[in-house]
Amino acid sequence: MPVRDKGVVVTGAGHGIGRALATRLAGEGARVVVNDLDAEAAGRVAEEIGGYAAPGDAAGEQGVAALVDAARRHLGGIDIWFANAGIDRGRGLEATEADWAATHEVNVMAHVRAARLLVPGWVERGSGRFVVTASAAGLLTMLGSPSYSVSKHACVAFAEWLSATYRHRGVVVQAICPQGVRTRMLDDAGPLQELLSHDPAVAPEDVAEATWQALHDDRFLILPHPQVTSYYLHRAADTDRWLHGMNKLQRRLEEQEAIR
């Protein structure tokens, strides 16, 4: 699926995976709108890749509408939307109401709001692509972080619903589900960093490459860590055994915390 001259929006593109996606797509000839809450980072990436910076909120109802309007004005039309922005707030049952609300807003509702504005037009013309950056946590779980795990499951579920509902109308939906990626989020993961790096953490550019390859065959799940396939199958085939294994990892984390 060539992207040359396609109008592309990447949210959360000032750093990490988003920056790598924007860079790779621009390198393949796409016209890229770079969004990030960090206006300086968005401007820097846009300048580096020859894109257009549209900093601001990509989650709230007004913010999403403003971003879609700005991108349409610049691009003329949006062909591909990379819903990449995401956050991880709160730990365990101590995660606050504010943690849960913020995580749901960015990791789930941002996608819903963007799809409301984009999909009807794509259906009318018969083509469009919506790519969410979820996480292996959306297929499995993330120990220590219930709000992140639940929101990423919801992110994948919404993408599945979009695909099941609109694929026959020309709308391609895909979900990127990496494990550990060498980003600021991994750096801030504390004791979870070792768990996330059980399988070697990959660079953001590796995620971008896996995504670029998946754009050519429209596969729904984009798995930069191929091991996730076997974990996902194991979880489905014997859920109790899988949960027992995850609980063993939880106990190991608690032991490490006690030593510290």
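Numbering of residues starts from 1 in every chain and runs along the sequence as written. For this predicted model, a pLDDT threshold of at least 70 governs which residues receive local features, and a threshold of 80 or more governs which side-chain atom pairs are given and counted, while totals over whole chains, interfaces and linings are taken from all residues. To get the side-chain values, take all heavy atoms of the structure and skip hydrogens and water.

Help me get a handle on the overall build of the protein chain, residues and values and all.
The helix and strand inventory of the protein chain stands at 10 helices and 7 strands. Against the globule reference of 18 Å for 260 residues, the protein chain gives a C-alpha radius of gyration of 18 Å, in line with a compact fold. Burial analysis of the protein chain (260 residues in total) assigns 50% to the buried set. Considering only contacts within the protein chain whose residues lie at least 6 apart along the sequence, 66% involve residues at least 24 apart. Counting only carbon and sulfur atoms, one obtains 52% of the accessible surface of the protein chain, whose full area is about 12,400 Å². Neither His nor the chain ends contribute to the count of charged residues, in which Lys and Arg are positive and Asp and Glu negative. Note that the charge is assigned to NZ on lysines, CZ on arginines, CG on aspartates and CD on glutamates. Charge-centre separation for the protein chain: the mean point of 26 positive side chains lies 5 Å from the mean point of 32 negative side chains. A run of H or I in DSSP becomes a helix once it reaches four residues, and a run of E becomes a strand once it reaches two; helices and strands are each numbered from the N terminus. Put simply, the radius of gyration uses C-alpha atoms, and a globule should come to 2.2 Å times the residue count raised to 0.38. For every residue, the accessible area (1.4 Å probe, protein chains only) is compared with the maximum for its type, and the residue is labelled buried under 20%, exposed over 50%, or partly exposed between those bounds. Any two residues whose heavy atoms approach within 4.5 Å are treated as being in contact. Calculation of accessible area relied on Shrake-Rupley with a 1.4 Å probe; when residues are assessed, cover is drawn exclusively from the protein chains displayed.

Help me get a handle on the side chain of Ser149, residues and values and all.
Summarising the element assignment, Ser149 is placed in helix H5 (residues 146-166). Between N or O atoms, a polar contact is any pair within 3.5 Å; within protein, one atom must be a potential hydrogen donor and the other a potential acceptor, and residues adjacent in sequence are included only when both atoms are from side chains. A polar contact is formed between the side chain of Ser149 and the side chain of Thr141, at a distance of 3.4 Å. A polar contact of 2.7 Å, which involves the side chain of Ser149, links it to the backbone nitrogen of Met142. With residues up to four places along the chain from it excluded, the contact list for Ser149 reads Ala137, Thr141 and Met142.

Could you give an account of the environment of Lys152, naming the residues involved and the relevant values?
Positionally, Lys152 belongs in helix H5. The sequence separation of Lys152 and Ala83 amounts to 69 residues, and the corresponding C-alpha distance is 12 Å. For Lys152, the contacting residues outside a window of four places in its chain are Asn107, Thr133, Ala134, Ser135, Ala137 and Gly138. Side-chain polar atoms of Lys152 contact the backbone oxygen of Thr133, separated by 3.1 Å.

I'd like a description of the sheet that holds strand S4 (residues 80-83), backed by residues and values.
Read from one edge of the open sheet, 7 strands run S3-S2-S1-S4-S5-S6-S7, paired in parallel fashion. Each having just a single partner strand, strand S3 (52-53) and strand S7 (221-222) make up the two edges of the open sheet. Where strand S1 (residues 7-10) lies against S4, 3 bridges are found, and the strand directions are parallel. Among the inter-strand pairings, Val10 is bridged to a residue of S4, identified as Phe82. Angular values range over 0 to 180 degrees, each being the angle between N-to-C directions of two axes fitted as lines to C-alpha atoms, with helices fitted over their stretch in contact. Packed on one face of the sheet, H5 meets strand S5 (128-133) and strand S6 (171-176) and runs near 165 degrees to S5. A pair of strands is labelled paired if DSSP reports no fewer than 2 bridges between them.

Interpretation in functional terms is not warranted from these geometric data alone.
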